[in-house]
Amino acid sequence: MDRSDVTHVMYDKKGPVVAKNFSKRGFDAYYCPTCEEALQKAIALIPQDHVISWGGSTSINEIGLRPYSLENHRVIDRDTAKTPEERMEIMRQALLCDTFIMGTNAAVEDGQLFNIDGNGNRLAALAYGPKQVVVIVGMNKVMPTVESAMARARSAAAPINAQRFAGSKLPCYLTGICHHCTSADSNCAQLLRTRTCRPAGRIKIILVGENLGF
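In this report, the structure presented in the accompanying data block is examined.

What counts, and where the lines are drawn
As a convention, each chain's residues are numbered from 1 in the sequence order in which they are written. Reporting in this predicted model follows two pLDDT cut-offs: at least 70 for local features of residues, and 80 or more for side-chain atom pairs to be given and counted; totals over whole chains, interfaces and linings ignore these cut-offs and use all residues. Heavy atoms throughout the structure, all of them, feed into the side-chain values; hydrogens and water do not. Helical segments are the DSSP runs of H or I of at least four residues, strand segments are the runs of E of at least two, and each set is numbered from the N terminus. Two things to know: the radius of gyration comes from C-alpha atoms, and the globule rule equals 2.2 Å times the number of residues to the power 0.38. Think of it in three bands: with a 1.4 Å probe and only protein chains considered, a residue is buried below 20% of the maximum accessible area for its type, exposed above 50%, and partly exposed in between. Contacts are assigned to residue pairs that have any heavy atoms within 4.5 Å of one another. For every accessible area listed, the method is Shrake-Rupley and the probe measures 1.4 Å; residues are considered covered only by the protein chains on display. Only four residue types enter the charge count: Lys and Arg as positive, Asp and Glu as negative, with His and the chain ends excluded. Charge placement uses NZ in Lys and CZ in Arg. For Asp and Glu, CG and CD serve respectively. For two strands to be treated as a pair, DSSP must find at least two bridges joining them. Helix axes are fitted to C-alpha atoms over the stretch in contact, other axes to C-alpha atoms as well, and angles between N-to-C directions run from 0 to 180 degrees. Any Phe, Tyr or Trp ring, taking Trp's six-membered ring, that has another such ring centre within 6.5 Å forms a pair; planes under 30 degrees apart are called stacked, those over 60 apart edge-to-face, and the others tilted. Each salt bridge in this description consists of a side-chain nitrogen of Lys or Arg and a carboxyl oxygen of Asp or Glu lying within 4 Å of one another.

Glancing now at the overall build of the protein chain. In terms of helices and strands, the protein chain carries 8 helices and 10 strands. What you see for the protein chain is a C-alpha radius of gyration of 17 Å, in line with the 17 Å of a compact globule of 214 residues. For the protein chain, the C-alpha atoms occupy an extent of roughly 45 × 40 × 35 Å along the three principal directions. Relative to its full complement of 214 residues, the protein chain shows a buried share of 50%. The contacts in the protein chain between residues at least 6 apart in sequence include a share of 72% that link residues at least 24 apart. Approximately 10400 Å² of the protein chain is accessible, and the part contributed by carbon and sulfur atoms is 54%. Between the averaged position of the 25 positive side-chain charges in the protein chain and that of its 21 negative side-chain charges there is a distance of 6 Å.

As summarised here, the arrangement of the 6 strands in space is β1-β10-β7-β4-β2-β3, forming an open sheet in which the pairing is parallel. Every other strand in the sheet has two partners, leaving β1 (28-32) and β3 (75-76) as the edge strands with one partner each. One ladder, built from 4 bridges, connects strand β4 (residues 99-102) with strand β7 (residues 132-138); its direction is parallel. Its bridge partner being in β7, Phe100 is matched across the sheet by Val133. Of the strands in this sheet, β2 (52-54), β3, β4 and β7 touch helix α4 (residues 65-72), which is tilted by about 145 degrees from β2.

On the basis of which strands lie adjacent, the open sheet formed by 4 strands has the order β8-β5-β6-β9 and mixed pairing. Two strands lie at the open edges of the sheet, namely β8 (142-143) and β9 (190-194), each paired on one side alone. Here strand β5 (residues 106-108) runs beside β8; their pairing, made up of 2 bridges, is parallel. When the bridges of β8 are listed, Ala107 appears paired with Val142. Where helix α1 (residues 6-24) meets the sheet, it contacts β5, β6 (112-117) and β8, and its direction lies at approximately 80 degrees from that of β5.

Moving on: the packing of aromatic side chains. This structure, assessed with the given rule, holds 1 aromatic pair. Seen from their ring centres, Phe22 and Phe27 are 5.2 Å apart, and the 90 degrees between their planes marks the pair as edge-to-face. Overall, the relative accessible area of 0% leaves Phe22 in the buried class. A relative accessible area of 3% means that Phe27 is categorised as buried.

Inspection of the entire model under this criterion finds 9 salt bridges. Among the salt bridges present, the one from Asp79 reaches Arg87, with a minimum N-O distance of 3.2 Å. Residue classification places Asp79 among the partly exposed residues on the basis of a relative accessible area of 47%. Among the salt bridges present, the one from Arg122 reaches Asp117, with a minimum N-O distance of 3.7 Å. Exposure remark for Arg122: the relative accessible area of 7% places this residue in the buried category. Of the residues examined, Asp117 reaches a relative accessible area of 12% and is grouped as buried.

Next up, the structure:
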């Protein structure tokens, strides 16, 4: 990747500032210019004996963290389930893993996270349960304000995420636009703003100077 590209030049300047802002709020935060460096940082943060799980995330695949975890750690993987009931039980077990890895729907320049979810398992793990959470954040997801982060999550991330579920009847699947629906299977049933990290250091933020996820 050509780091002289103007977008990456901006990311390389902005990333360390945003990481510092996260640190002020109790997160362990790092800026990595490339996916390769982000993967190595994540590997360094996860003890070899940790059991790992994750929520639905494109970013952890794009930097190679999910494939690495499958090869090098014991994992709790809901995709191994043979029935919907077994899948739900595995998702519950994931809340007691050692390290939970995930992306985020949006981040704020002042050091906050904003996420939305359907079942809420990913948000539950972020808020409480696993010993630590490692969050992979592409710099394309960093917004100037909480309001713009919420707008990104609702208007960009959610409608795109809905496209993964073929045959869905959700309005955003059909039109590509968030309708603020109250459908029983809405992808936006749960909203979580993470203002600070408690206890300090439990949540690790890896900001990546690339466009990751959606």
